[in-house]
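Architecture at a glance
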Amino acid sequence: MRRLLFLLVTLASFGYAAANPTTLINNIPNRTTISLNGPWQAIVDPYETGLNARFYLNAKPKDKRELVEYDFDKSDVLNVPGDWNLQKKELFFYEGPVWYKKSFSYRKREHTRVFVYFGAANYFTRVYLNGQALGDHEGGFTPFNFEITDEIREGNNFLVAQVNNARRRDGVPSVNTDWWNYGGLTRDVMLVEVPETFIQDYFVQLAKGSSHEISGWVQLSGSTSEQQVTVEIPEAAIKQSLTTDAAGRAEFRFPAKLELWSPGNPKLYDVVLSNGSDKVHDSVGFRTIEARGTQILLNGKPIFLRGIALHEEAPVRGGRAFSPEDAQTLLGWARELGCNFVRLTHYPHSENMTRLADRMGLLVWSEIPVYWDIDWENLGTLQNAENQLRDMIARDHNRASVIFWSLSNETPVKPARLTFLRQLADRARQLDASRLITSALNHVDEAGPDTRVLNDPLGEYLDVLGLNEYLGWYWGRSEDADRMQWKIAWDKPLIMSEFGADSPYGKHGDADERWTEEYQANLYQHQLKMLKKIPSLAGLSPWVLMDFHSPRRLLPGTQDYYNRKGLVSNLGQHKQAFNVLQEFYRAADAPK
Ligand code: GCB
């Protein structure tokens, strides 16, 4: 008993509650929110003194004798949202904890619950309100929220977040990635106000395989008895009344005559959900997606995915992209390329991206950062990956654009990895049975000099196979593609999810001179010729839309910490290969 007490006291003195975030609130853009974006005071804490020194108390010396060795108000400022690496030169390579503090004033309202919502913070975050621990969150790209109804005060408040982007062997991703480890409060931070009983989440989509029935569920928070909930789609003259169970949940399935969402016709309906006290609007598209044999069917018809892969890196200014304008530029280039599909790598991008994709009619591959090798046998790592999968799905499960949940990228073939990823596949299907499950694979067997066989055992558990292959860059020559045969062990659709070559914009030479635009363009030409001959090919998403920062790309004068496989440079200049792919996507003989 004594020991327990000691432990509790010790934990309390660290202000460390280890509580999990509250279940996510869906559809934040259409709720009542108060932005906490803008300047936050920040203390860079490379030796992690802040936890012991209790920075989260935001203390000031009470008299001239008292020792307080930190002062938020005299510290530097970081802008939120935004990574710290590109805001301060000296933080470009920084990996470790930074303490953020925001003071704000709040007026309490009757019968109103309050949450603090973080769009994303990379990578591990501890959150405190008015000196009290709210809990922590692991994972750099999924949203999280804490309820603070009881903790928030009338008048002055201060919120402290310790964000730590130190890489972790047991993390997701683990220590090795080919993208910049941008740290900080990288997406919007806000307060969310909701009624005491509110519509926390809902799933409103066409029933799997049906174009004339909607199925889904509504989940209330704060209700302890049966309640009436209404689902309306005024434009389609739909009004359905439901009764929730005591746990606040109602499931439904009803007929609906709707214009279907597609890249050619990205029709969105105003969907209104209401109960006695709450009412939320959402813009929702309705479409079906299926895999049949080697085809992908959108609304029952085969579709060829003319795609491009992209990182969530800000054009021109650099750093982590976060704004609607960033999304507009990136997806605008994809559209200009002739795409109907984007692979959002290697982690869930911001909600701006998926919502804009809905409006633009771009199909989306959404992915969690289970990237290269991770700690497959660690149950904590599996739990972390499952949480990231859950929250990626929870945020975007009403987006018509999202057709694939991707579990992983280029993971090494071994038993522990298969067990891990099978569990993720099962979990993804439990959470959302309406979308297709995929992964980007890269292990192939050689069957003679010109034949490669994709038979990674994970393929059995996927609906759609992704394959990354760097013929002409990491192995072989671009021309070898003319003879290369690809054998696929499953009768499933194949997306060539990556291929590419580095070329700094404006560097010219022969088609066989590496690091030139000509080399990159030539590689694309041979690749595209080869891909057309693969019978099960259902789409492609070459690597990559825009050059992006990577700590692994060190060649001076050529890479300078950039992966240069972009079809456009980080400044937006279009390289020759952009035109090659654009022509392919526009050509009448391109696979449709
Ligand atoms: C890959 C990875 C991607 C890298 C790319 C490259 O296979 O999936 O994250 O950036 O290759 O450029 O090597």
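Residues numbered from 1 in each chain as written. Predicted model: local features only at pLDDT ≥ 70, side-chain atom pairs only at ≥ 80, totals over all residues. Heavy atoms only, no water.

1. Quick word on helix α6 (residues 517-531)
Here α6 spans 21 Å end to end across 15 residues, near enough to the 21 Å set by a 1.5 Å rise per residue. Burial analysis of α6 places 13 of its 15 residues in the buried class, which makes it a mostly covered element. (Helix = DSSP H or I, 4+ residues; strand = E, 2+ residues; numbered from the N terminus. Expected span 1.5 Å × (residues − 1). Buried < 20%, exposed > 50% of the residue type's maximum accessible area, 1.4 Å probe, protein only.)

2. What to know about the domain arrangement of the protein chain
Segmentation of the protein chain into domains returns domain 1 (14-195), domain 2 (198-287) and domain 3 (291-589). In this complex, domain 1 contributes 32 residues to the contact, which on the side of domain 3 involves 41 residues. For domain 1, the biggest contributors to the area lost against domain 3 are Val172, Asp178 and Trp179; these three give 24% of the whole. In this assembly, domain 1 and domain 3 are joined by two salt bridges. Taken together, the links from domain 1 to domain 3 amount to 17 residue pairs in polar contact (both at pLDDT 80 or more). Of the residues assigned to the side of domain 1 that touches domain 3, the class counts are 15 nonpolar, eleven polar and six charged. (Domains from an automatic or database assignment. Contact = heavy atoms within 4.5 Å. Buried area = accessible area lost by both parts, 1.4 Å probe. Salt bridge = Lys/Arg side-chain N within 4 Å of Asp/Glu carboxyl O. Polar contact = N/O pair within 3.5 Å; in protein donor to acceptor, adjacent residues only side chain to side chain. Nonpolar A, V, L, I, M, F, W, Y, C, P; charged D, E, K, R; others polar.)

3. Considering the packing of aromatic side chains
Following the criterion strictly, the structure yields 31 aromatic pairs and no others. A ring pair is formed by Trp40 and Tyr100, whose centres lie 6.1 Å apart and whose planes are at 80°; its orientation type is edge-to-face. In this pair, Trp40 is assigned in strand β2 (residues 38-44) and Tyr100 in strand β4 (residues 97-106), connecting sequence segments 60 residues apart. Residue classification places Trp40 among the buried residues on the basis of a relative accessible area of 0%. Judged by centre distance (4.3 Å) and plane angle (5°), the rings of Tyr56 and Tyr128 are stacked. (Phe/Tyr/Trp six-rings, centres within 6.5 Å; stacked < 30°, edge-to-face > 60°.)

4. Concerning the packing of helix α2 (residues 324-337) against helix α3 (residues 351-360)
Orientation of α2 relative to α3, taken along the N-to-C sense of each, is 45°, at an axis distance of 9 Å. Considering their axes alone, α2 and α3 lie oblique with respect to each other. Between α2 and α3 lies a crossing whose hand is right-handed. In this structure, α2 contributes Pro324, Ala327, Gln328, Leu330, Leu331, Gly332 and Arg335 to the contact, and α3 contributes Asn352, Met353, Leu356, Ala357 and Met360. A class-by-class count of the residues in the contact of α2 with α3 yields eight nonpolar, three polar and one charged. (Axes fitted to C-alpha atoms, helices over the stretch in contact; angles between N-to-C directions. Parallel < 35°, antiparallel > 145°, perpendicular 65-115°, else oblique. Left-handed = near helix turned anticlockwise from the far one by under 90°.)

5. Some points on the nonpolar core
Ranked by internal contacts, the top residues of the largest apolar core, which has 87 residues, are Ile308, Leu424, Met496, Leu540 and Leu581. Residues from two domains meet in this core; each of domain 1 (14-195) and domain 3 (291-589) gives at least three. Residues in contact with Leu581, not counting those within four places in the same chain, are Gly307, Ile308, Leu337, Tyr524, Leu528, Leu540, Pro542 and Leu567. Counting residues in each nonpolar core, the second largest holds 29 residues, with Leu36, Trp40, Tyr100 and Val114 among its members. (Core = buried A, V, L, I, M, F, W, Y, C linked by side-chain atoms within 4.5 Å.)

6. Quick word on the sheet that holds strand β5 (residues 112-118)
Spatially, four strands are ordered β1-β10-β5-β8 in an open sheet, and the strand pairing comes out antiparallel. With one partner strand each, in any of the chains shown, β1 (32-35) and β8 (144-147) form the two edges of the open sheet. Shown here is a sheet whose adjacent strand axes are inclined to one another by a mean of 30°, direction ignored. Bridge count for β5 against β8 is four bridges, and the pairing is antiparallel. (Pairing = 2+ DSSP bridges.)

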